[in-house]
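Each chain is listed here by its residues.
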Amino acid sequence: TDGFRDEDNTSWVGGYSPENDASQYPNHHADQHFVLFYPSNAKHMLSGSDGGIHKTTNNLKDSLNWTSLNNGFVTSQFYSINQRQDDVTNEIIGGMQDNGSWYRDAPGVNPPWNNLLGGDGGYAALAPNSDYYYVSFQNSQIYRLTLRDDYKLQSFARVDPVNAGDVVPYLFVNPYQLDPKNSNIMFLTGGDYIWRNQNLAQIRGGSQDKTRVGWERVDETALVDTQYSCIAISPSSDRVYAGITGKRPGITVIENANDPFQRTVAINQAPEDWPEDAHVSSIAINPENPDHFLMTISNYNSPSIYESLDGGTTIIDISGNLEQYPDGSGNGPSIRWAQIVPSLNGYEYYVGTSIGLYSTTETNDSNTIWYQNSPNEVGNSIVVMMNYRTLDGRMVLATHGNGTFQKYLPNVKLFDPSPTPPARASTKAYPNPFQSKTTISYTLPESGEVILNLFDNAGRLIKNILFAPQYAGENKVEWDGTNNAGVRLRPGVYFCVLNYNGEKHTQRLILQAP
């Protein structure tokens, strides 16, 4: 109250706590951008923030009362968006700048959203049957959640891996993706490596610490002086693409990504016409053909949209009229995201840009013509991410500053991309015998609840490895030769019993001395 001449006359009245203890002022927001005094009454004041606009009618009180003025005022700055892929539901999940991760499952224009996690909301995902909700915030702190019927937290587990992002750091909003063929498998960009978790459901709940359970660093994906910036998993094959950002940008292609014994990795550096320090912002894989993908670069003053029909061997610039000049210079927008949609007449291609949503039905190298979609609704909003569902043709998209949108696309080819599961359940283990760790794999004809218990030779229960939803097809868990207390067991014969759908399947395991 004295122009900041004296600390005794200075007090905290809003925003983030000056104690730096992660708290914020009641009914206010942490990230403040401006204050405005009313010319008619200096005690009345507006504040603008990443939470919108708030008002106080007496800014000289010891404790200010802030009131939100955000009725119908859309400012949500989404970083990500996702939806259920296994069923025709209204569920959407996404993360917002400074406003956490949110979820909704109701139809209509203004359904309620439910807050799941705070911080800067990053990438998010939904498992089939809504078994799990995955949310994250800055620097790739990722959580697996289960919710009660009233959307309140029922359980949680932190699932990001120990040692990832330690040498080359994570991106602030760091990508990960669940494998569409088995949503307990996650691929994560970890700075200079790609990481893979073989069964997220095996991670025990209740911990806020990083974990080692189920994670492997894919060593063949190592980068030098560059960083992974996006990742995409084919729904129709076992192929993964990852974008490389930095002085030598490019794409890494992982074949047989879920089989460490058959896996191959190709790190493809950029063509000569790519700009140095290009930021590869997204890779969109054709749901029907893993060799066909789009790739976007979000830098200005460079060609921004590329297409490959041969798995990345040849990459063609299709930026077309979204660049002012063929070399990418001029007034072209930043391209943030891409999506390939199978239609009844071929394919539709969508890109999210810094000036709205654009699409084309025909790519033609540098002569491609892109058309703006939804100029009156999405308008010139910054479209940061899209997610498409082949079951019913629903496209959801997120904007940075103007909320989210959805549309059921007409004239599209509807299909279930899920692979055909095996006819019956089976189990195996490798290595077996083993000394330090074995992987127990089992195939399921249908998704369902699975219990995996370990017994000794006398029939005594020594460890519960898993009690969680598992998905049709192949699943894997690991056992490190310890009991429930984490104590190393004596060498000998043990039995892993799989309980699934009223059936029991037993696998004999031999633990050897180290």
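The structure contained in this document is the topic of the report that follows. (Residues numbered from 1 in each chain as written. Predicted model: local features only at pLDDT ≥ 70, side-chain atom pairs only at ≥ 80, totals over all residues. Heavy atoms only, no water.)

1. Describing the overall build of the chain
Logical step 1: Helices and strands together make up the secondary structure of the chain, namely zero helices and 38 strands.
Logical step 2: What you see for the chain is a C-alpha radius of gyration of 25 Å, in line with the 24 Å of a compact globule of 514 residues.
Logical step 3: A separation threshold of at least 6 residues defines the contact pool for the chain, and within that pool the share at least 24 residues apart is 49%.
Logical step 4: In the structure as shown, the chain presents an accessible area of about 23,800 Å², 48% of it carried by carbon and sulfur atoms.
Logical step 5: Of note, the chain has its 35 positive side-chain charges centred 9 Å away from the centre of its 54 negative side-chain charges. (Helix = DSSP H or I, 4+ residues; strand = E, 2+ residues; numbered from the N terminus. Rg over C-alpha atoms; globule rule 2.2 N^0.38 Å. Contact = heavy atoms within 4.5 Å. Areas by Shrake-Rupley, 256 points an atom, 1.4 Å probe, with all protein chains shown as cover. Lys, Arg positive; Asp, Glu negative; His and termini not counted. Charge placed at Lys NZ, Arg CZ, Asp CG, Glu CD.)

2. Observations concerning the sheet that holds strand E25 (residues 335–343)
Logical step 1: Read across the sheet, four strands follow the order E25-E26-E27-E28 without closing on themselves; strand pairing throughout is antiparallel. In this open sheet, the two edge strands, each paired with only one partner strand, are E25 and strand E28 (371–373). In this sheet, adjacent strand axes meet at a mean angle of 30 degrees when their direction is disregarded.
Logical step 2: The pairing of strand E26 (residues 346–353) with strand E27 (residues 356–360) spans five bridges and is classified as antiparallel. When the bridges of E27 are listed, Gly 352 appears paired with Leu 357. (Pairing = 2+ DSSP bridges. Axes fitted to C-alpha atoms, helices over the stretch in contact; angles between N-to-C directions.)

3. Describing the side chain of Thr 245
Logical step 1: Relative to the assigned elements, Thr 245 resides in strand E18 (residues 240–246).
Logical step 2: Here Thr 245 falls in the buried class, since its relative accessible area comes to 12%.
Logical step 3: Polar side-chain contacts of Thr 245 include one of 2.7 Å to the side chain of Ser 229.
Logical step 4: Polar contacts involving the side chain of Thr 245 include one to the main-chain amide nitrogen of Val 280, which spans 3.0 Å. (Buried < 20%, exposed > 50% of the residue type's maximum accessible area, 1.4 Å probe, protein only. Polar contact = N/O pair within 3.5 Å; in protein donor to acceptor, adjacent residues only side chain to side chain.)

4. Focus: the pairing of E27
For a regular strand, side-chain orientation follows a simple rule: the groups alternate between the two sheet faces.
Logical step 1: In terms of burial, E27 is a largely internal element, five of the five residues being buried.
Logical step 2: What sits between the antiparallel neighbours E26 and E27 is a turn of two residues.
Logical step 3: When E27 meets E28, the two strands line up antiparallel, connected through three bridges. Note on E28: the bridge partner recorded for Leu 357 is Asn 373.

5. A closer look at the packing of aromatic side chains
Logical step 1: Tallying each qualifying case throughout the model produces twelve aromatic pairs.
Logical step 2: With a centroid separation of 5.9 Å and 55 degrees between ring planes, the pair formed by Phe 78 and Trp 113 is classed as tilted. Placement of the pair is Phe 78 in the loop between strand E4 (67–68) and strand E5 (82–83) and Trp 113 in the loop between strand E7 (100–104) and strand E8 (114–117), with a sequence separation of 35 residues.
Logical step 3: Between Phe 434 and Trp 479, the ring centres sit 5.5 Å apart and the planes meet at 65 degrees, which makes this aromatic pair edge-to-face. With Phe 434 in the loop between strand E32 (426–430) and strand E33 (438–444) and Trp 479 in strand E36 (residues 473–479), the pair connects residues that are 45 residues apart, well separated along the chain. For the residue pair Phe 434 and Trp 479, the accessibility class agrees, reading buried in each case.
Logical step 4: Connected via pairs of aromatic rings, a cluster forms that spans Tyr 103, Tyr 133 and Tyr 151.
Logical step 5: The ring of Tyr 132 has Arg 144 sitting right over it, with the charged end atom 5.0 Å from the ring centre.
Logical step 6: When the ring centre of Tyr 193 is taken as origin, the NZ or CZ atom of Arg 217, which lies over that ring, is 3.9 Å away. (Phe/Tyr/Trp six-rings, centres within 6.5 Å; stacked < 30°, edge-to-face > 60°. Lys NZ or Arg CZ within 6 Å of the ring centre and 35° of its normal.)

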